[in-house]
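Fold and contact review
Chain by chain, the residues run as shown.
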Amino acid sequence: MNAIEKLEKLLDREQFEKIKALNNPELHEFLAEWIEWLEPDKVFVCTDSPEDEAYVKWKALYYGEEKMLETPNHTVHYDNYYDQARDKANTKLLVPGGKAIPFLNTKDRDEGLREIRELMKGVMKGKELFVCFFVLGPRNSVFTIPAVQLTDSAYVAHSEFILYRKGYEEFKRLGRNARFFRFVHSEGELDDRKTSKNLDKRRIYIDLLDETVYSVNTQYGGNTIGLKKLAFRLTIQRAVREGWLSEHMFLMRVNGPDGRKTYFTGAYPSMCGKTSTAMISWENIVGDDLSFIVPVNGVARGANVEKGVFGIIQGVNPEDDPIIWEILHSPVEIIFSNVLVKDGKPYWNEMGVPIPDEGENHSGKWWRGKKDAEGNEIPPSHKNARFTVSLEHFPNVDMEALENPCGVEVGGMIFGGRDKDTWPPVREAFNWRHGIVTMGAALESETTAATLGKEGVRAFNPMAILDFMSVPLGEYLRNYLDFEKKLRKAPKIFAVNYFLRDENGNWLNHKLDKGVWLKWMELRVHGDVGAIETPIGYIPKYADLARLFKEVLDKEYTREEYEKQFTIRVPELLAKIERIETIYREKVGEVPEELFQVLEEERKRLLEARERYGDYISPFALEGK
């Protein structure tokens, strides 16, 4: 019996006709095999119709995975108390022979597939399976990657309808030419609160050979929403093979003089200012998380992989996040997850308004002072609580750029680190190679006391992508360095650091100063302002920043502030080169030789500058040299 005959037996007539309309034997085989294996009681195939999307949303409520809130179109979803974040330990890349790769969590492919198949055999008995089609990137474009999601969680399917562009018609258009990703997910057995029960059997396996992700016994979005960080591993591998970039980057528009539009991507590790940069209210957002960058006729063109936001809600408040705050309080479609609910209203930690003393949250019935089984006090909402919303509802979204099948020209790429004493607030690389090595490949993020108890530990995180890497780091960097050869004009590379402190531990920058750094970078992309050459790249001139602070923030910017912020800190910069070089020599295999050359060139420049100016070099000294 061939796949299409098998599907005819497995599906009712209406659902079968939807699948039959897609002329892709590979897809038919995949669906027939897995529907038979999972043994669902019922199968629903989602086309791109509004009715099919509405059916999924209704089923999320009907099955109790989501509950309605007081505001129309708002729902809340809870994950198991112990299923609140990405399961790094059980998220494994399946590679033949289980070959060990530095920084990657690998498992023997045959063994992993055997285990996941056992866990998933008949796992959907008594349940409904949703077959959903989406695309990564804009439809019918050079960026498009089609994907099929199998899940028994209506919440997961609902989330993907908000976050991704529908793909059924794209599968129909591509027919046998669809090179698609596959995602198979089951939340497994549920408890009374409709959350995944068997967390000891939670597994997230990424088969790099077949471009398939398997996920079982979990509901949390980061483990289950296939097209997000799970697909990201697959796109990184594909990008490296094909010579383009799949990056953990926002995509935004910075508005220049006389209506000029310049687009930037930005990679920042967690807690380094990525979202707040992408969301600056007087600029325009295209995407907050994942970008594809493809060479098209010698130009680097970028697109948002997604069309929605799966955002951390903790700390969102009306003063710092006016745009998100306004959206969260408007009747647009939003899924809140793992927040506190009282009288139909959601509340979250650090929201800047009084939070009730009781309600329902991810732990069930909650009251202030409630402790979990380990004796830890349970906060009102989980620190990783989320909101899921479409970008179309953002007043500052650049919809034209978001849906442009040609993407947008990338004028600049920003790498944002976090350290109290090394990088200046903003600087520009001398060239592509210099920027990729000393800014991207050397990216570090300092831990904060609030998160890890020990402050100031620098975590190595090249391109803010280490958690999601699916190829050896050396291969990934080689692709990055070679990418420039495909371009007539490479984007300018910049580095930012919003977290400098003085000797007394006081911040040297205000939260909104980043708006000025963005305007300066925009001017530099077009050669509208000069810069001061330093051993580590180009920094702004005082006069340009003083003017921009006045124009953008209506603030006076003093020479003293400038000098403190843009002093070149030679000992700290040399120590950083030493740290980064050691990591690449000792922990990363087969690193491109250019990386060590570029680091050595920077070290020499710093040593020569120290000979002439001393350990701490004023930008005014360099300007006047």
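Scope of this entry: the structure provided in the associated data block.

Running from N to C, helix H16 (residues 514-525) and helix H17 (residues 542-553) cross one another at 120°; their axes reach a closest spacing of 9 Å. The angle between H16 and H17 places the two elements in the oblique class. Considering how the two elements wind past one another, H16 and H17 form a crossing that is right-handed. Contacts between H16 and H17 involve Gly 515, Val 516, Trp 517, Lys 519, Trp 520 and Leu 523 from the former and Leu 545, Arg 547, Leu 548, Phe 549, Val 552 and Leu 553 from the latter. Classifying every residue of the contact of H16 with H17 gives nine nonpolar, one polar and two charged.

Ranked by internal contacts, the top residues of the largest apolar core, which has 169 residues, are Tyr 476 and Tyr 584. Here this core gets eight residues from one element, more than from any other, and that element is helix H9 (residues 226-242). Once residues within four sequence positions are removed from consideration, Tyr 584 is found in contact with Ala 441, Phe 460, Pro 462, Leu 473, Leu 477, Val 591, Leu 595 and Phe 596. In terms of nonpolar packing, the next biggest core, distinct from the first, is built from 34 residues, Leu 11, Leu 27, Val 131 and Leu 150 among them.

A word on the pairing of strand S18 (residues 308-312). With respect to burial, S18 is a largely interior element, four of its five residues being buried. Across five bridges, S18 lies against strand S24 (residues 386-390) in antiparallel orientation. Along S24, the bridge assignment pairs Ile 312 with Arg 386.

Let us now look at the pattern of salt bridges. Close approach of charged atoms allows side chains with opposite charge to pair. Across all of its chains, the model carries 65 salt bridges by this definition. A salt bridge links Arg 173 to Glu 170, with the shortest nitrogen-to-oxygen separation between them at 2.7 Å. Linking Arg 173 with Glu 170, this pair stays in helix H7 (residues 168-174), spanning three residues, or about one helical turn. Classification of Arg 173 by relative accessible area gives partly exposed; the value is 46%.

Turning next to the packing of aromatic side chains. To describe a pair of aromatic rings, one takes the distance between the centres and the angle between the planes. In the structure shown here, the tally under the stated rule is 36 aromatic pairs. Ring plane angle 65° and centroid distance 5.7 Å describe the contact between Phe 133 and Tyr 168, whose orientation is recorded as edge-to-face. Remark: Tyr 168 occurs in helix H7 and Phe 133 occurs in strand S6 (residues 128-136); sequence separation between them is 35 residues. For the pair Phe 133 and Tyr 168, one class covers both residues: buried. Seen in terms of ring centroids, Phe 494 and Trp 520 are 6.3 Å apart; in terms of plane orientation they differ by 75°. Their pairing is edge-to-face. Of this pair, Phe 494 sits in strand S29 (residues 492-497) while Trp 520 sits in helix H16, and the two are 26 residues apart along the sequence. An aromatic cluster is defined as three or more aromatic residues linked by ring pairs; in this entry it consists of Trp 517, Tyr 542, Phe 549, Tyr 557, Tyr 562, Phe 566 and Phe 620. Over the aromatic face of Trp 423 sits the side chain of Arg 427, whose NZ or CZ is 4.7 Å from the ring centroid.

Thresholds applied
Residues numbered from 1 in each chain as written. Predicted model: local features only at pLDDT ≥ 70, side-chain atom pairs only at ≥ 80, totals over all residues. Heavy atoms only, no water. Axes fitted to C-alpha atoms, helices over the stretch in contact; angles between N-to-C directions. Helix = DSSP H or I, 4+ residues; strand = E, 2+ residues; numbered from the N terminus. Parallel < 35°, antiparallel > 145°, perpendicular 65-115°, else oblique. Left-handed = near helix turned anticlockwise from the far one by under 90°. Contact = heavy atoms within 4.5 Å. Nonpolar A, V, L, I, M, F, W, Y, C, P; charged D, E, K, R; others polar. Core = buried A, V, L, I, M, F, W, Y, C linked by side-chain atoms within 4.5 Å. Buried < 20%, exposed > 50% of the residue type's maximum accessible area, 1.4 Å probe, protein only. Pairing = 2+ DSSP bridges. Salt bridge = Lys/Arg side-chain N within 4 Å of Asp/Glu carboxyl O. Phe/Tyr/Trp six-rings, centres within 6.5 Å; stacked < 30°, edge-to-face > 60°. Lys NZ or Arg CZ within 6 Å of the ring centre and 35° of its normal.

Read these as layout, nothing more, since geometry by itself doesn't imply function.
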